[in-house]
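Fold and geometry: a report
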Number of protein chains: 2
Amino acid sequence: MKRIPHKIFLTEEQIPDSWYNLRADMKNKPAPMLNPATMKPVELTDITPVFCEELAMQELDDETRRINIPGGIIDVYRLYRPSPLVRAYNLEKKLDTPAEIYFKYEGNNTSGSHKLNSALAQAYYAKKQGLSALTTETGAGQWGTALSEACAYFGLELNVYMVKVSYEQKPYRKAVMQTFGANVIASPSNTTQIGQKILAEDPGNGGSLGCAISEAVEKAVTSGNCRYVLGSVLNQVLLHQSIVGLEAKAAFEAIDEYPDIIIGCAGGGSNLGGLVAPFMRDKLTGAANPRVIAVEPASCPSMTRGKYAYDFCDTGKITPLSKMYTLGCEFKPSANHAGGLRYHGMAPILSQLYADGYMEAVAYEQTSVFEAAVMFAKCETILPAPESAHAVRGAVVEALKCRESGEKKTILFGLTGTGYFDMSAYSSYLEGKMDDVIPTDGDLAAALEKLPKVD
Amino acid sequence: MKRIPHKIFLTEEQIPDSWYNLRADMKNKPAPMLNPATMKPVELTDITPVFCEELAMQELDDETRRINIPGGIIDVYRLYRPSPLVRAYNLEKKLDTPAEIYFKYEGNNTSGSHKLNSALAQAYYAKKQGLSALTTETGAGQWGTALSEACAYFGLELNVYMVKVSYEQKPYRKAVMQTFGANVIASPSNTTQIGQKILAEDPGNGGSLGCAISEAVEKAVTSGNCRYVLGSVLNQVLLHQSIVGLEAKAAFEAIDEYPDIIIGCAGGGSNLGGLVAPFMRDKLTGAANPRVIAVEPASCPSMTRGKYAYDFCDTGKITPLSKMYTLGCEFKPSANHAGGLRYHGMAPILSQLYADGYMEAVAYEQTSVFEAAVMFAKCETILPAPESAHAVRGAVVEALKCRESGEKKTILFGLTGTGYFDMSAYSSYLEGKMDDVIPTDGDLAAALEKLPKVD
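Every chain begins its residue count from 1, and numbering advances along the sequence as written. Chains carry letters from A onward and ligands carry numbers from 1 onward, assigned in written order. Only residues with pLDDT of 70 or above have their local features reported here, since the model is predicted, and side-chain atom pairs are shown and tallied only from 80 upward, although totals for entire chains, interfaces and linings are computed over all residues. Note: side-chain values were computed over all heavy atoms of the structure, leaving out hydrogens and water.

On to the sheet that holds strand E4 (residues 85-87) of chain A. Residues and elements named next belong to chain A. With respect to topology, 7 strands assemble into an open sheet ordered E1-E4-E5-E15-E10-E11-E14, the strand pairing being mixed. Single-partner strands in this sheet number two, and they are strand E1 (7-8) and strand E14 (360-364). The pairing of E1 with E4 spans 2 bridges and is classified as antiparallel. When the sheet's bridge partners are listed, lysine 7 is paired in E4 with valine 86. Pairs of residues are marked as contacts when any of their non-hydrogen atoms sit within 4.5 Å. Every axis corresponds to a line fitted to the C-alpha atoms, with the helix fit spanning only the stretch in contact, and the corresponding angles, defined between N-to-C directions, vary from 0 to 180 degrees. Each helix is a run of DSSP H or I of at least 4 residues and each strand a run of E of at least 2, with the numbering of both proceeding from the N terminus. Sitting on the sheet, helix H12 (residues 270-285) touches strand E5 (100-105), strand E10 (261-265), strand E11 (291-297) and strand E15 (410-415), and the angle it makes with E10 is about 155°. The sheet strands contacting helix H15 (residues 366-380) are E4, E5, E14 and E15, and the helix crosses E14 at an angle near 95°. Two strands qualify as a pair provided DSSP detects at least 2 bridges between them.

In structure tokens, the structure reads:
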């Protein structure tokens, strides 16, 4: 029998030289973004005041299958890529399953997650355009950390609007961004008109992701030589994250294997969309037919209990509208939900694929997710981020089904990051203080009722 | 010109199958440990009540050059080894130096440091001996984290005595150990006689590493089927850590290079001793003559300002005595010192080599160390642990000398871990609140005066 090592590493020469644009192979393209003022599909000039030009073009490009990765991005990818594909031998043994479990591990860079893949690309294009600064928002902090590293590397100023509650509760997350030179601002703040207005009405306002997006966008469009960047949901972000799937597929080819089931956690969709991209191409072209499973939290179940409809990307309702599975942009997951993945919507690309039957979706409660994470950590010595732990849970469920059926399936899941900055959630789980929080049908109906009316 | 990749990875098949015991090639062997009751060199039976048998034998073995790494340890090393040797191209560019800078990166495992290499070995031998539990102490928490992972993997119970001040100030470090199943006890505690005595006299006592060692040893010798383990200083630990240097040397051979200068941070000596081991062999045998530089903190300068003498390994004075460079076991570095490496002594192997002129030692102040760390993070996207940052500083100093002289030297340093759990120290540095703290000659003389009298 061939011996498959624990970690399948490609060489630096095998880092893909182009991203794969899944939209090129979709018969039903994702619906276009709508300009909220005109309710017409956005054009390039609508979005270039907010996004860098090259990124705006990538956002709207449904046709080009392969988009070249510039040498300046490859150079910095070489610092931490290719990331390993890992065979989870110990987890298989623990579960006593005939399934073969692999995970693509994106936590082996200091930012601690896959977010760095797109952060570096976005910062590169901003620098190339001659911009001097970027703005963004961050909630839990993974995206803010990745973008801080990227801006430090390319020499760009960065303003991160961090939800005030997180800013106060996660001083170490803030400190990491500051170490990389970012200016971290508690949102709502006095640096924008939107922030000033909110604070005038409610000085104790603890902020929200929607408010932080609004401030970051306002800051970008009112500052000279500055643009706004976002870490998930967008087509351009899924494009950049396709490198995760391309490497995974190449690594499987190197060991002459192919996954039967591909599992990813799903918040805004950047990790899942990247991981599955080249495998989804095989499904779209008929070359192969692996099952693809999105795992979302039961507390924020956009695909399993949401609606496929046009909605704002932010709760402040200043962004274009996207057609996506959504819980309504005014939906707020319970504050007790500790596992990340709190976004109300889902990337338009994945939403269309899900609507067309190319993907399955499941939702798990957070205690079961942390249970899987702790088991995984003890077996494989990697402590998963709570977000990634959803995919771990998904893989465990499928591996246990194989134990029942005796089938030797090959399972691939995305381990998107590490949980170093999420220890309070782990403590809460270990101390038995973690609740499972599931929105009622009434909660969901109320949020969905407020969806914008689009003909 | 040949193209050297950023990261030189060996394959899993290239993980060394034996550790290298540097003592076998030393003409002047490190002085033997002394039994504090008899002041005679310890024998195997003196230490087997405290250490596992196989580890006790390794501790006393000055002769066997290569010690086989059992398959059960190799299996788990495969989860994260070989670790990469990384060419720091961006740092070279930033420093505008002709020097070629490499670092051996041991932070790419969840424990976040090289400590895991010895933790797994020690837990393996404990399991093999049929023990059911281990005890240890931890200060900052790197060793406790690594050993928690190792005990989770091998199915051993673990009691970690954590200095009470750290226990209270670092709840997340504690939470990581608990996630891996360890029982973390604030020291001094009521679980030992020593702890009870201290608490009776001083209920508010915040603890010390010395007290935690005393409790961990007492707990081990008074519990059935349990032993005590330590993460640095000991000969056995340097033996296990030799895997770091062996891999580094093999990676250099793969690219047909050899370092002119090898730099490591020095606390108890486990990382430095492991990194330099095979290169030191070349020095001892005359095969090559690289410079070896130990970097210690100016606040705890055991080699640069200490004395080579017999001393206790713990401040509680219950352990055997070792001959080493020491500041006196009652020396306490300033509480303002944030950069780790707070141990009063230095591994006996390294002490002997330093006394014999095979090594240099330098001491740097902590603000200069954090300055180098932040520069490194921005260039290379890895946030160093404060301990590792001492080696970064050492490498920067040598690279700048090369810029002055125009020499193209090859520099290797050990990047032992990541700084995720040290963000309060980074914040303090960034906010300009970090002091440099250097003991006065009077402080040092006072601590050295209390060294035990040994004929």
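Let us look at the relation of the copies chain B and chain A. Only residues with pLDDT of at least 70 in both copies contribute their C-alpha atoms to the least-squares superposition of the copies. Superposing chain B onto chain A requires a rotation of 180° together with a translation of 0.0 Å along the rotation axis, leaving an RMSD of 0.0 Å. Taken together, the rotation angle and the small translation identify this as a two-fold axis. Across chain B, the rotation axis passes nearest the C-alpha of B:Asn108, at a separation of 3.1 Å. When the interface residues of chain B are mapped onto chain A, 100% of them again lie at the interface, so the same face is used by both copies.

In this section: the side chain of A:Ser18. All names here are of chain A. Inspection of the secondary structure puts serine 18 in strand E2 (residues 18-20). Three labels apply to residues, based on accessible area from a 1.4 Å probe with only protein chains included: buried if under 20% of the type maximum, exposed if over 50%, partly exposed otherwise in between. Classification of serine 18 as buried rests on a relative accessible area of 12%. Non-local contacts of serine 18, meaning those with residues more than four positions away in its chain, are made with Arg66, Ile67, Asn68, Ile69 and Leu246.

Residues and elements named next belong to chain A. Residue ranges labeled as domains rest on an automatic or database domain assignment. Taken domain by domain, chain A comprises domain 1 (7-14 + 79-112 + 237-448) and domain 2 (24-68 + 115-228). Look at where the C-alpha atoms of domain 1 and domain 2 centre, and you get two points 23 Å apart. The interface of domain 1 with domain 2 comprises 42 residues on the first partner and 42 residues on the second. Note on definitions: buried area is the accessible-area loss of two parts on being combined, 1.4 Å probe, summed for both. Among the residues domain 1 hides against domain 2, the three largest losses belong to Ser111, His240 and Phe421. Together they make up 20% of the total. Every case where a carboxyl oxygen of Asp or Glu lies within 4 Å of a side-chain nitrogen of Lys or Arg is listed as a salt bridge. Counting every contact that joins domain 1 to domain 2 gives 2 salt bridges. What qualifies as a polar contact is a pair of N or O atoms within 3.5 Å, subject to a donor-acceptor requirement within protein and to the restriction that residues adjacent in sequence count only when both atoms come from side chains. Taken together, domain 1 and domain 2 are joined by 11 residue pairs in polar contact (both at pLDDT 80 or more). Secondary structure elements with two or more residues in the side of domain 1 that touches domain 2: helix H11 (235-254), H12, strand E12 (307-312), strand E13 (321-326) and helix H14 (348-355). Of all the elements, H11 adds the most residues to the side of domain 1 that touches domain 2, at 7 residues.

All names here are of chain B. Axis separation between helix H11 (residues 235-254) and helix H12 (residues 270-285) bottoms out at 6 Å; the angle between their running directions is 55°. Between H11 and H12, the interaxial angle falls into the category oblique. Where H11 crosses over H12, the two elements pack in a sense that is right-handed. Here H11 contributes Val237, Leu238, Gln241, Ser242, Val244, Gly245, Leu246, Ala248, Lys249 and Phe252 to the contact with H12, which in turn contributes Ser270, Gly273, Gly274, Leu275, Ala277, Pro278, Phe279 and Asp282. Classifying every residue of the contact of H11 with H12 by side-chain character gives 10 nonpolar, 6 polar and 2 charged. Roughly parallel here means an angle under 35 degrees, roughly antiparallel means over 145, roughly perpendicular means 65 to 115, and every remaining angle is called oblique. By convention the crossing between two helices is left-handed if the near helix lies anticlockwise of the far one by an angle smaller than a right angle, and right-handed if it lies clockwise. Classes in brief: Ala, Val, Leu, Ile, Met, Phe, Trp, Tyr, Cys and Pro nonpolar; Asp, Glu, Lys and Arg charged; the others, Gly included, polar.

Our next topic: the sheet that holds strand E8 (residues 183-187) of chain A. All names here are of chain A. Reading across the sheet, the 4 strands line up as E8-E7-E6-E9 and stay open at both edges, with parallel pairing between neighbours. What marks the edges here is a single partner per strand, and that holds for E8 and strand E9 (226-228). Across the sheet, the mean angle from the axis of one strand to that of its neighbour is 25°, orientation sign disregarded. Bridge analysis of strand E6 (residues 133-138) against E9 gives 3 bridges, and the strand direction is parallel. Bridging from a neighbouring strand, alanine 133 pairs with cysteine 226 of E9.

The next subject is the nonpolar core. We define a nonpolar core as any set of buried Ala, Val, Leu, Ile, Met, Phe, Trp, Tyr and Cys residues linked to one another through side-chain atoms lying within 4.5 Å. Ranked by internal contacts, the top residues of the largest apolar core, which has 89 residues, are A:Phe103, A:Ile263, A:Phe413, B:Phe103, B:Ile263 and B:Phe413. Counting residues in each nonpolar core, the second largest holds 76 residues, with A:Ile4, A:Val160, A:Leu284 and A:Met346 among its members.

Another point: the packing of aromatic side chains. Residue and element names in this part refer to chain A. In this scheme Phe, Tyr and Trp rings, the latter by its six-membered ring, pair at centre separations within 6.5 Å, and the angle between planes marks the pair as stacked below 30 degrees, edge-to-face above 60, and tilted otherwise. What the rule picks out here adds up to 34 aromatic pairs over all chains. Measuring from centroid to centroid gives 5.3 Å for phenylalanine 103 and phenylalanine 376, while their planes differ by 75°, and the two rings are edge-to-face. Of this pair, phenylalanine 103 sits in strand E5 while phenylalanine 376 sits in helix H15, and the two are 273 residues apart along the sequence. Judged by its relative accessible area of 0%, phenylalanine 103 is buried. Residue class for phenylalanine 376 comes out buried when judged on its relative accessible area of 0%. A centroid spacing of 5.1 Å and a plane angle of 75° characterise the contact between phenylalanine 370 and tyrosine 426, whose relative ring orientation is edge-to-face. Separated by 56 residues along the polypeptide, phenylalanine 370 in helix H15 and tyrosine 426 in helix H17 (residues 423-430) bring together distant segments of the chain. Comparing phenylalanine 370 with tyrosine 426, the two get one shared label, buried.

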